[in-house]
Every structure is written in C-alpha cells, then in structure tokens.
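Chain by chain, the residues:
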Amino acid sequence: MSLLAELFPSAFPALALAHFVALLSPGPDFFLLVGYAVRYRMRGSAGLCVGIAFGNGLYILLAIIGWGILRQLPLLFTVIELLGALYLLWIGSLLIRSRPQTLTGADAQSTCPGFGKQLLLGLGSSLLNPKNALFYLALMTALLGPSVTLLQQTISGIWMTSVVLFWDLLIVMFIGLPQIQRRLTRGILWVERIAGGVLIIFGCAIALRFLQSIVV
C-alpha cells in the first residue's frame, strides 16, 4: 500500500469537493465574518476565522470519536440549537445597532475588538450551529465508509479544518482590498445591518422550527 493510500481514504476527493461546495453556501459564520471584516478588516477579523475553524475542528473531532452522540441525545441537539438561535439574534442585534460612522483605516485599527474576543465570537458562532456537527458526521460516515482508518479520518479532519480557516481568511483579505474598501466606505453601516438582519433571520428560523416541532 502506498503512503498516499495510507494517509488518504479512497473517497477523499469526493469528501474534499463536498466540503468545499458547502463552504460556498453562505451561512451564519459567513455573514458574521462579513459584518466584522467590512469595518475592521484583517486585524479585527482574523480571530473570527481562527475561532470558526477551531469550532469546525471540534465538531470533526466529535464526529470521529463519537459518531452517533447527537443522534442518541436529541435533547442535547435541541439545547445547542436553541442556544445557537439566541446567539445569532444577539450578534445580529449588535450589527444592526452599529453606529452610523465611516471609519478610516486608523479608526478601524484603534476600535477593533481584541483577538481573544474575536476568537470567542467565531468559536461560539461555529459551535452553536449543530448543523455543523450533523454535516461532518454525514461526511465522515456516509462518504468515508466503515473501512476508513483513524489516521485517514485525522488527515481528512485536518484538511477540512485548514480549508475553513484559509477560505475565511481569503474572504477577509478580499474585503480588505483598498479598491473593495473604497466601494464599501459609504455603505459600511448598511453592510453591517444587512449582515445583522440575515443573522437574525437565521436565528428566528431556528426558533420557529423548534416551536413548530412542539406544536406538532
């Protein structure tokens, strides 16, 4: 058996493609990132990228060591889902209530949140979205199959976590380009409010789905 066959499962290309396609679909993490990157650029958003990637990595680890834990504990899933809805509503309200001001580069550097706060925000956004857990659970089981080794699972997990990190950093770098910033300067407030509104919609949708499940 070759070294590549030992490190990568046969279904790795399909897993990598499915994972990247999922990244192209904007979700709560994306809109949180845009809301911060448009105002604070790389310095105020890099921690978010690390936190989001770390949260994804934790769910991948959970999928590896406890494949069926969330399916066996539906109450835990519900609690995480409701906490996620509240978190999205809170973050969305913060973005919507942003003060109407145009920040220069110096202003953004002086007022941006610290790396630790960014890290916690990104980690919370990722962990409080249980769909991430189910998504990785499906990838690690349905796609890789029962014959996959622990080493192959680990390599696949490191790959997906790294892709999440570099993709989010690429988004922040793109938003931070001078030509993009010039276009966004007059609309920073509205970009933040739109991002906040989308996060609130996500949160309300989760809460509504939970209420409907109770009624039914």
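Residues numbered from 1 in each chain as written. Predicted model: local features only at pLDDT ≥ 70, side-chain atom pairs only at ≥ 80, totals over all residues. Heavy atoms only, no water.

### Remarks on the packing of helix 3 (residues 28-40) against helix 10 (residues 150-175)
It is at 9 Å that the axes of helix 3 and helix 10 come closest, and there the two elements cross at 35 degrees. By crossing handedness, the relation of helix 3 to helix 10 is classed as right-handed. Where helix 3 approaches helix 10, its residues Phe 30, Leu 33, Val 34, Ala 37 and Val 38 are matched on the opposing element by Asp 168, Ile 171, Val 172 and Ile 175. Broken down by class, the residue content of the contact of helix 3 with helix 10 amounts to eight nonpolar, no polar and one charged. (Axes fitted to C-alpha atoms, helices over the stretch in contact; angles between N-to-C directions. Helix = DSSP H or I, 4+ residues; strand = E, 2+ residues; numbered from the N terminus. Left-handed = near helix turned anticlockwise from the far one by under 90°. Contact = heavy atoms within 4.5 Å. Nonpolar A, V, L, I, M, F, W, Y, C, P; charged D, E, K, R; others polar.)

### Things to note about a nonpolar patch on the surface
Where nonpolar side chains cluster on the molecular surface, the patch consists of Phe 54, Leu 58, Leu 61 and Ile 65 and spans about 400 Å² of accessible area. Along the polypeptide, Phe 54 turns up in helix 4 (residues 46-65). Given a relative accessible area of 48%, Phe 54 falls into the partly exposed group. (Patch = residues over 30% accessible without salt bridge, like charges linked within 9 Å, V, L, I, M, F, W, Y side chains within 5 Å. Areas by Shrake-Rupley, 256 points an atom, 1.4 Å probe, with all protein chains shown as cover. Salt bridge = Lys/Arg side-chain N within 4 Å of Asp/Glu carboxyl O. Buried < 20%, exposed > 50% of the residue type's maximum accessible area, 1.4 Å probe, protein only.)

### A look at the UniProt feature "transmembrane region" (unreviewed entry) in the protein chain
In this numbering, the UniProt entry assigns the feature "transmembrane region" (unreviewed entry) to residues 12-34, 46-69, 75-96, 133-151, 157-177 and 189-211. As annotated, residues 157-177 comprises 90% helix and 0% strand, and the C-alpha atoms at either end are separated by 31 Å. (UniProt positions renumbered as here; feature names shortened; annotations may be inferred.)

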